[in-house]
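Fold and contact review
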Amino acid sequence: MATFGGLTAVLHGVEDLRLEQHPHPTPNTNDVLIQVKSVGICGSDLSYYFKCEIGGHHFQFPQVNEMRFAGVMGHEASGVVTAVGSAVSHLQVGDRVVMEPGVPCMSCRDCTGGRYNLCANLRFLGSFLSNQSGALCEYITHPSNWCYRLPENISFDQAALVEPLAVAIQAVKRGRVTLGDKVLITGAGPVGILSLVAAKANGASHVSLVDINPERLGFAKQTFGANNTFLLPQDSDAIPNDYTVTIECSGVNSSLQLGINHTRRGGRLVLVGTGTLQAELRYAQLRELDIMGVFRYCGTFGDALELVSRVEALKQLVTHHFELKDVNAAFHAAKYDPNTIKVLIHPTQ
């Protein structure tokens, strides 16, 4: 049974999103039906749209449209409940919610061991790899236990930032960032800037950002208090090599190598950005760097929601808004407009 309906953006090939009308889905016993209000475009969505590829996997059409994924992207989503399943008691019609997009089985070794993000059976909104359709549609059904009611002071647009902030908090958690740490973040995109916010919230005394975009670096410094910023390549020689933690958010080989080179002996290197990463690891070995991967998040969604409610400046990350009818323009802005940070699409008003 389809979990999406109403006007829906469906991918049919490279840079080919088409608007289609689909029947409204019906919530199962433990589901809610949500009218989608705001959906953020993520880097993984850009890979789907511009390459029809994710994680080294290329997909073919029209076969993709016949899968449960169906070519429907979008996982950073918020909206309002319009119907509830018969067993749902903690949510009601009219509640404003944000969806945690990953729904695990909760019975495998990873789930019962407290790392449900690694569940092999996890269904993730808008994911070809887990074969689950997403939220770029007017209506979507989602398990009620993975929906969070929004505080009154959080808008639908702010709620769309909760998911990428959960990734940033996971990175800070994996990197064991704590009081007094000196943190380097490579990549000043949305997750990089959100990692700055999360690191500061966790007690880091100094956070520096590295990027090739001077506007984003200036924004991070002026709005969120980055202690230092370095514009590449011209500032390469000015970067210290005494960071206790480096959080790599770009997915670029040179940034990974930079992180290895500028993390102090015995420090921690956290890999967040996705890409075909390759680096010379001997320098990391000789200096006993701890290298940790991040795959989405586990148990940080509630913390992210709470942090969004406290840090009002986060709403400034949203730079561009598009209606669903302009979805192709939204993806092009997210990739090519140097002034974008976070692009939101609004399936319903």
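Structure's up top.
This section reports on the structure supplied with the text.

Reading guide: rules and limits
- Residues numbered from 1 in each chain as written.
- Predicted model: local features only at pLDDT ≥ 70, side-chain atom pairs only at ≥ 80, totals over all residues.
- Heavy atoms only, no water.
- Helix = DSSP H or I, 4+ residues; strand = E, 2+ residues; numbered from the N terminus.
- Rg over C-alpha atoms; globule rule 2.2 N^0.38 Å.
- Buried < 20%, exposed > 50% of the residue type's maximum accessible area, 1.4 Å probe, protein only.
- Contact = heavy atoms within 4.5 Å.
- 1 Å grid on protein atoms, 1.4 Å probe; cavity = no way out; pocket = protein on both sides within 12 Å on 5 of 7 lines; lining within 4 Å.
- Points joined across faces, edges and corners; volume = space filled by probe spheres on them.
- Nonpolar A, V, L, I, M, F, W, Y, C, P; charged D, E, K, R; others polar.
- Salt bridge = Lys/Arg side-chain N within 4 Å of Asp/Glu carboxyl O.

1. Considerations on the overall build of the chain
- Along the chain, the regular secondary structure elements total ten helices and 19 strands.
- Radius of gyration (C-alpha) of the chain: 20 Å, near the 20 Å computed for a compact globule of 349 residues.
- Taken along its principal axes, the extent of the C-alpha atoms in the chain is 55 × 40 × 40 Å.
- Classification of the 349 residues of the chain by burial places 56% in the buried group.
- Counted over contacts in the chain with a minimum sequence separation of 6, partners at least 24 positions apart contribute 66%.

2. Focus: the layout of surface pockets
- Counted as a void, the second largest pocket has a volume near 240 Å³.
- As for the second largest pocket, its lining consists of 15 residues, of which Thr3, Asp31, Arg68, Gln132 and Pro143 are closest to the centre.
- Residues of the lining of the second largest pocket, tallied by class, amount to six nonpolar, six polar and three charged.

3. Examining empty space enclosed by the protein
- The full count for this structure, using the stated rule, is one cavity of 30 Å³ or more.
- The volume enclosed by the largest cavity comes to roughly 50 Å³.
- Along its surface, the largest cavity is lined by Glu100, Gly102, Tyr116, Asn117, Leu122, Phe124, Arg296 and Tyr297.
- Each residue belonging to the lining of the largest cavity can be placed in one class, and the counts come to four nonpolar, two polar and two charged.

4. Things to note about helix 1 (residues 43–51)
- Those residues of helix 1 that sit buried are Asp45, Ser47, Tyr48, Tyr49 and Phe50.
- Each element contacted by the buried residues of helix 1 is listed here: strand 1 (4–11), strand 2 (17–22), strand 3 (31–40), strand 4 (53–54) and helix 10 (327–336).
- Remark: Cys52 follows helix 1 within two positions and exhibits a positive phi of approximately 50°.

5. Some details on the pattern of salt bridges
- What the rule picks out here adds up to nine salt bridges.
- Note that Asp242 is salt-bridged to Lys182, the shortest N-O span being 2.9 Å. In this pair, Asp242 is assigned in the loop between strand 14 (228–231) and strand 15 (243–248) and Lys182 in strand 12 (residues 182–186), connecting sequence segments 60 residues apart.
- Look at Asp242 and you get partly exposed, because its relative accessible area is 34%.

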